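# Architecture at a glance
Listed here are the chains, written in short residue letters.
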Amino acid sequence: MTAPLFKGRAIVLGGLSLVMPALSFGGIETTKDLMRQIDAGEIKDVVELQNAFITVLHAALLRNHPDLPRAVLVAELDWESAIALYRQLLEISFPQAQLGETKAGSPSGASTGS
């Protein structure tokens, strides 16, 4: 396996050591409807929900692991790991800071008055 092209979270999936990067802008475009449906709780069918998680996670993992078969995710993910990885993916793909601001803000949480 070659070195990852993009930085990300180190994960182990079915004995494979992988690096899950943020979704690319293209990945966001292709999975935005699924992510919206997941986040809104709109997908009621369990198999459709599984497939949504797998599709979004696979889109990110393909950036560093272009030969990773979708079948590996199907075989190795369970609800606990899929949800945990999805949350991590959202954290790295959609940073909370606004453009030009730091993530932390004021250390005390109080306004600086400026």
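To keep things clear, this report deals only with the structure shown in the data block. (Residues numbered from 1 in each chain as written. Predicted model: local features only at pLDDT ≥ 70, side-chain atom pairs only at ≥ 80, totals over all residues. Heavy atoms only, no water.)

## Brief notes about the environment of Met35
The criterion, for reference: In this description a helix means any DSSP run of H or I spanning at least four residues, a strand means any run of E spanning at least two, and both kinds are numbered starting from the N terminus. With a 1.4 Å probe rolled over the protein chains alone, any residue whose accessible area is under 20% of its type maximum counts as buried; one over 50% counts as exposed, and the rest are partly exposed. Contacts are assigned to residue pairs that have any heavy atoms within 4.5 Å of one another.
Checked against the element boundaries, Met35 lands in helix α1 (residues 25-40). Given the relative accessible area of 5%, Met35 is considered buried. Taking the C-alpha atoms as reference points, Met35 and Tyr86, 51 residues apart in sequence, are found 9.5 Å from one another. Apart from residues lying up to four places away in sequence, Met35 is in contact with Leu23, Ile28, Val56, Tyr86, Leu90 and Phe94.

## Section: the packing of aromatic side chains
In plain terms, the rule: Side-chain rings of Phe, Tyr and Trp, where Trp is taken by its six-membered ring, are said to pair if the distance between their centres is within 6.5 Å; with planes under 30 degrees apart they count as stacked, over 60 as edge-to-face, and otherwise as tilted. Both a distance and an angle decide whether a charge sits over a ring: NZ of Lys or CZ of Arg must be within 6 Å of the ring centre and within 35 degrees of the ring normal.
What the rule picks out here adds up to two aromatic pairs. Each ring, one from Phe53 and one from Trp79, has its centre 6.0 Å from the other, and the planes form 80°; the classification is edge-to-face. Note that Phe53 is positioned in helix α2 (residues 46-64) and Trp79 in helix α4 (residues 79-93), a separation of 26 residues in sequence. Judged by relative accessible area, which is 6%, Phe53 ranks as buried. With a centroid separation of 5.1 Å and 80° between ring planes, the pair formed by Phe53 and Tyr86 is classed as edge-to-face. One end of the pair, Phe53, is in helix α2; the other, Tyr86, is in helix α4, with 33 residues separating them in the sequence. Following the ring pairs from residue to residue traces out a cluster consisting of Phe53, Trp79 and Tyr86. In this structure, Arg63 packs its charged tip against the face of Phe6, placed 3.8 Å from the ring centre.

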